[in-house]
Amino acid sequence: MTDTLDHFPLNIATGDQFRNRSDEKALLNRNIGLVRHTVLLAPRRYGKSSLVYKVAEESKAPFAVVDLFLAHDDQTITKRILVGVSTLVSKITPASSKALNSIQKYFTNFKVSFSAHDFQIALTHESGVTHSVDHIFDALKNLSQLATVKKQKIILFIDEFQDIAQAESAKSIQGAIRHVAQSATHLVFIFSGSTRHLLLELFNDSKKPLYKLCDKIIIERISADHYMSYLQKTAKKRWGNTIAEEVILRILTITELHPFYINMLCNELWKNEKMPTLNAVSIAWQTCYEQEERWTVAEIEKLTTNQQTLLKSLALQSTSEPMGQEFVTASGLSIASVRTGIKALVEKDMAYQIKKEDALLPSLKSGDYRVLDPLIAYALRKYS
């Protein structure tokens, strides 16, 4: 029988595509059960969205996503939140003319309509409510009340939440969200974003409205032993046999356990009719680089000259002592430039410090600073 499951998805991993993350799933499930709001912290391409989708799927809780990517103005933020609210209303109330009247009673300041499949909750100029903050507050408050009446826990996942900070009414919008969230009994907020230090500022700064509102779940790279068993399992399905352990260790070493790049590299390898060898891994990794070359160059070019120099030094030689004489000398920068550069690279999620060592990959040493993206590191080494 042909195996039709995509074992290495590059987008959202759902159903049997989702792997591991048992601890994170347990924490998030617990928070949903207790209506404790959560902020997920991880770099891009670590599987934050997949985790939320999987937990929502298993919990059976109605679920909607609000993506605030490039939502830098009040109007866009309001529109996207209203779409999320509409989605959740449709999931907890069957769309019908009878239900329409009931929903309109909750959303008195909005125009409510319905199609064969869902409700549409939109702004109306006749409501007397003119400010985006008021629209957002009313919509979320009414949604929370409806969920309470229905006795139905619901999940609103707001992704790329850090982009809200640039809106004119950013602080007031955050205040409106807090006001609803702290009194909600059935509406659970989950926040996420791809720029961790900006996201953390919104929840850790005592001067910001969302200070201490959420539990924090930090998502790390998945352990090598899990991947060992998973790759062997999928290899048996693909080729009817297991792969040499040294080949799997090469896959995990070259990708540095980065979830996205393990999937990307294995996707290339699993296309082949023959079981992968060490040489095949190197060839497939070069193919991955060629596919992403323009992106890697663009990411590097966003950095200052000093930051590029420092990142190249980390790609050539990771270090636990970036301010030590050996690394500073090798970088060719002053100690002050290294100190400033390391801080900036970590904040931009271009570099990171390993917090936990993996027994199967001794090259990834606890305490070391490394380039976060292994393909960018490969590019920097290639052209150094």
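What counts and how
- Once a new chain begins, its residue numbering starts again from 1 and follows that chain's sequence as written.
- Side-chain atom pairs in this predicted model are given and counted only at pLDDT of 80 or more, local residue features only at pLDDT of at least 70, and totals for whole chains, interfaces and linings cover all residues.
- Where side-chain values are given, they derive from all heavy atoms of the structure, hydrogens and water being excluded.
- Here a helix means four or more residues in a row that DSSP labels H or I, a strand means two or more in a row labelled E, and each is numbered from the N terminus.
- Radius of gyration here is computed from C-alpha atoms only, and the compact-globule reference equals 2.2 Å multiplied by the residue count raised to the power 0.38.
- Think of it in three bands: with a 1.4 Å probe and only protein chains considered, a residue is buried below 20% of the maximum accessible area for its type, exposed above 50%, and partly exposed in between.
- Contacts are assigned to residue pairs with any non-hydrogen atoms lying within 4.5 Å of each other.
- Within this scheme the basic residues Lys and Arg register as positive and the acidic residues Asp and Glu register as negative, but His and the chain ends are omitted.
- Just so you know, the charge point we use is NZ for Lys, CZ for Arg, CG for Asp and CD for Glu.
- Each axis is a line fitted through C-alpha atoms, and for a helix only the stretch in contact is used; angles between axes span 0 to 180 degrees, taken between their N-to-C directions.
- Note on angle classes: values under 35 degrees are labelled roughly parallel, values over 145 roughly antiparallel, values of 65 to 115 roughly perpendicular, and the remainder oblique.
- Handedness of a crossing is defined here by the sense of rotation of the near helix relative to the far one, left-handed for an anticlockwise turn of less than a right angle and right-handed for a clockwise turn.
- When residue character is reported, Ala, Val, Leu, Ile, Met, Phe, Trp, Tyr, Cys and Pro are called nonpolar, Asp, Glu, Lys and Arg charged, and the others, Gly included, polar.
- Any carboxyl oxygen of Asp or Glu within 4 Å of a side-chain nitrogen of Lys or Arg constitutes a salt bridge here.
- Disulfide: a pair of cysteine sulfur atoms within 2.5 Å of each other.
- To estimate the expected span of a helix, count its residues, drop one, and scale the result by 1.5 Å.
- Note on pairing: two strands pair once DSSP finds at least 2 bridges between them.
- What pLDDT conveys is the predictor's confidence in a given residue, as a value from 0 to 100.

### Structural notes on the overall build of the chain
When helices and strands are tallied, the chain shows 15 helices and nine strands. The globule rule puts the C-alpha radius of gyration for 384 residues at 21 Å, and the 24 Å found for the chain is close to it. Its C-alpha atoms give the chain principal-axis dimensions of about 65 × 60 × 35 Å. Buried positions account for 52% of the 384 residues belonging to the chain. Taking the contacts inside the chain whose residues are at least 6 apart along the sequence as the reference set, 70% of them involve residues at least 24 apart. Across the chain, 47 positive and 41 negative side-chain charges occur, with their mean positions spaced 5 Å apart.

### Notes on the packing of helix α3 (residues 74-92) against helix α5 (residues 132-150)
Viewed as axis vectors pointing N to C, α3 and α5 meet at an angle of 15°, and their least axial separation amounts to 10 Å. Put simply, α3 runs roughly parallel to α5. Judged by the sense of rotation from one axis to the other, the crossing of α3 with α5 is left-handed. Contact residues: α3 offers Asp74, Gln75, Ile77, Thr78, Ile81, Leu82, Val85, Leu88, Val89 and Ile92, while α5 offers Ser132, His135, Ile136, Ala139, Leu140, Leu143, Leu146, Ala147 and Lys150. Class assignment of the residues belonging to the contact of α3 with α5 gives a composition of 13 nonpolar, four polar and two charged.

### As for the pattern of salt bridges
All told, the structure shown has 12 salt bridges when counted by the stated rule. Taking the shortest distance from any N to any O, the salt bridge between Arg44 and Glu299 comes out at 3.0 Å. Here Arg44, found in the loop between β1 (38-41) and α2 (48-59), pairs with Glu299, found in helix α11 (residues 278-301); they are 255 residues apart in sequence, far enough to count as distant. Relative accessible area serves as the criterion here: at 36%, Arg44 is assigned to the partly exposed category. Taking relative accessible area as the criterion, Glu299 reaches 6% and is therefore assigned buried. With a closest N to O distance of 3.0 Å, Lys271 and Glu268 form a salt bridge. Judged by relative accessible area, which is 13%, Glu268 ranks as buried.

### A few points about the environment of Phe260
On the secondary structure map, Phe260 appears in helix α10 (residues 259-269). Counting along the chain gives 214 residues from Phe260 to Tyr46, while the straight-line C-alpha distance between them is 6.4 Å.

### Considering the state of the cysteines
Per the stated rule, a full pass over the model turns up zero disulfides. No disulfide involves Cys266; its nearest neighbouring cysteine sulfur is the one of Cys288, lying 9.2 Å away. The class for Cys266 is buried, based on a relative accessible area of 0%. You can call Cys288 buried: its relative accessible area is 0%.

### Section: unusual backbone geometry
A positive phi angle, close to 55°, is found at Val35, a residue other than glycine. Within the fold, Val35 resides in the loop between α1 (22-34) and β1. Classification of Val35 as buried rests on a relative accessible area of 14%. A positive phi angle, near 60°, is found at Leu70, a position not held by glycine. Here Leu70 shows up in the loop between β2 (63-67) and α3. Here Leu70 falls in the exposed class, since its relative accessible area comes to 51%.

### Focus on α5
With 19 residues, α5 should reach 27 Å at 1.5 Å per residue; the first-to-last C-alpha distance of 27 Å fits that figure. Within α5, the full set of buried residues consists of Ser132, Val133, His135, Ile136, Asp138, Ala139, Leu140, Asn142, Leu143, Ser144, Leu146 and Ala147. Count one or two residues on from α5 and you reach Lys151, which has phi positive near 55°.

### Some words on the side chain of Ser192
Residue placement: Ser192 occurs in the loop between β6 (187-191) and α7 (196-204). Residue Ser192 is classed as buried on the basis of its relative accessible area, which comes to 0%. Among residues more than four places away in sequence, those in contact with Ser192 are Leu40, Lys48, Phe157, Ile158, Asp159, Glu160, Phe161, Gln162 and Leu199.

### With respect to the sheet that holds β2
As summarised here, the arrangement of the five strands in space is β2-β5-β6-β1-β7, forming an open sheet in which the pairing is parallel. Edge strands, defined here as strands with exactly one partner in the open sheet, are β2 and β7 (215-218). Going across the sheet, the axis of each strand differs from the next one's by a mean of 20°, ignoring polarity. Looking at chain direction, strand β5 (residues 154-159) and β6 are connected through five bridges and run parallel. Bridging from a neighbouring strand, Ile155 pairs with Val188 of β6.

### Overview of the confidence of the model for the chain
Of the residues in the chain, 95% reach a pLDDT of 70 or more, and the chain-wide mean stands at 91. The least confident element of the chain, judged by mean pLDDT, is strand β4 (residues 119-123) at 76; the most confident is β6 at 98.

### Remarks on the packing of α1 against α2
Relative to each other, α1 and α2 sit at 55°, their axes nearing to 10 Å. Judged by the angle between their axes, α1 and α2 are oblique. Between α1 and α2 lies a crossing of right-handed hand. In this structure, α1 contributes Glu24, Lys25, Leu28, Asn29 and Ile32 to the contact, and α2 contributes Leu51, Val52, Lys54, Val55, Glu58 and Ser59. A per-class count over the contact of α1 with α2 returns five nonpolar, two polar and four charged.

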